[in-house]
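Here's the letter readout for the chains.
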Amino acid sequence: KDKLIDDYKLIRQLKSQGYSYLQLQDKLKHYQLDNDVIDNALSTYDETYGLKKEFSKAIKKYSKETYPKRNERIYRYLVSKGFSEDKVSSLMGLY
């Protein structure tokens, strides 16, 4: 029972860090949690917070780039962090 409480505490902590779905999945597997626990945690996870957090980091990181190159780098940065191309495109307004 104590292990389950610690597992759920860890999951809550990792969810609040703003990871992408894939990053969270990797982190949970790293901690060797049961597959049922991982599946349950991922089924209720919304990566929007993480995407917006990483998007603002990317804007600061590439602020000195010119317009088309900056958007390409931000896009690649977010996709490399594990966010889906569709979500990144819709956030950036590229469609």
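Residues numbered from 1 in each chain as written. Predicted model: local features only at pLDDT ≥ 70, side-chain atom pairs only at ≥ 80, totals over all residues. Heavy atoms only, no water.

Caption draft 1: A look at the overall build of the chain. When its secondary structure is counted, the chain shows six helices and zero strands. Ordering the α and β elements of the chain from the N terminus gives α-α-α-α-α-α. Its C-alpha atoms give the chain a radius of gyration of 16 Å, more than 25% over the compact-globule value 12 Å for 95 residues. Looking at the chain as a whole, 32% of its 95 residues are labelled buried. When contacts within the chain are restricted to residue pairs at least 6 apart in sequence, those whose partners lie at least 24 apart make up 49%. The positive charge centre, built from 19 side chains, and the negative charge centre, built from 14, are 9 Å apart in the chain. (Helix = DSSP H or I, 4+ residues; strand = E, 2+ residues; numbered from the N terminus. Rg over C-alpha atoms; globule rule 2.2 N^0.38 Å. Buried < 20%, exposed > 50% of the residue type's maximum accessible area, 1.4 Å probe, protein only. Contact = heavy atoms within 4.5 Å. Lys, Arg positive; Asp, Glu negative; His and termini not counted. Charge placed at Lys NZ, Arg CZ, Asp CG, Glu CD.)

Caption draft 2: Molecular detail of the environment of Glu47. On the secondary structure map, Glu47 appears in the loop between α3 (35–43) and α4 (48–61). By relative accessible area, which is 7% here, Glu47 ends up buried. Along the primary structure Glu47 and Asn71 are separated by 24 residues, whereas in three dimensions their C-alpha atoms are 21 Å apart. Within the structure, the side chain of Glu47 is placed 3.3 Å from the side chain of Lys87, a separation counted as a polar contact. (Polar contact = N/O pair within 3.5 Å; in protein donor to acceptor, adjacent residues only side chain to side chain.)

Caption draft 3: Layout of the nonpolar core. In this structure, Leu10, Ile11, Leu14, Tyr19, Leu24, Leu28, Leu33, Val37, Ile38, Ala41, Leu42 and Tyr45 together form the largest nonpolar core, which totals 12 residues. Residue assignment for this core shows that the elements contributing at least two residues are α1 (2–15), α2 (21–30) and α3. Considering each element in turn, this core owes the most residues, four residues, to α3. Once residues within four sequence positions are removed from consideration, Leu28 is found in contact with Ile11, Leu14, Leu33, Ile38, Ala41 and Leu42. Grouped together as the second largest cluster of nonpolar side chains are nine residues, Tyr62, Tyr77, Leu78 and Met92 included. (Core = buried A, V, L, I, M, F, W, Y, C linked by side-chain atoms within 4.5 Å.)

Caption draft 4: Main features of helix α6 (residues 85–92). Those residues of α6 that sit buried are Val88, Ser89 and Met92. Projected down its long axis, α6 carries its buried residues within an arc of 100 degrees, all on one side. In this structure, the buried side of α6 is in contact with α4 and α5 (67–80). Gly93 lies just past α6 and shows a positive phi near 75 degrees. (Arc of directions from axis to C-beta.)

Caption draft 5: The arrangement of the packing of α2 against α3 in detail. In contact at an axis separation of 10 Å, α2 and α3 are set at 155 degrees when each is read in the N-to-C sense. Taken together, the axes of α2 and α3 lie roughly antiparallel to each other. In the crossing of α2 with α3, the sense of the turn from one axis to the other is right-handed. The segment α2 lies against α3, with Tyr21, Leu24, Gln25, Leu28 and Lys29 engaging Ile38, Ala41 and Leu42. Within the contact of α2 with α3, the residues separate by chemical class into six nonpolar, one polar and one charged. (Axes fitted to C-alpha atoms, helices over the stretch in contact; angles between N-to-C directions. Parallel < 35°, antiparallel > 145°, perpendicular 65-115°, else oblique. Left-handed = near helix turned anticlockwise from the far one by under 90°. Nonpolar A, V, L, I, M, F, W, Y, C, P; charged D, E, K, R; others polar.)

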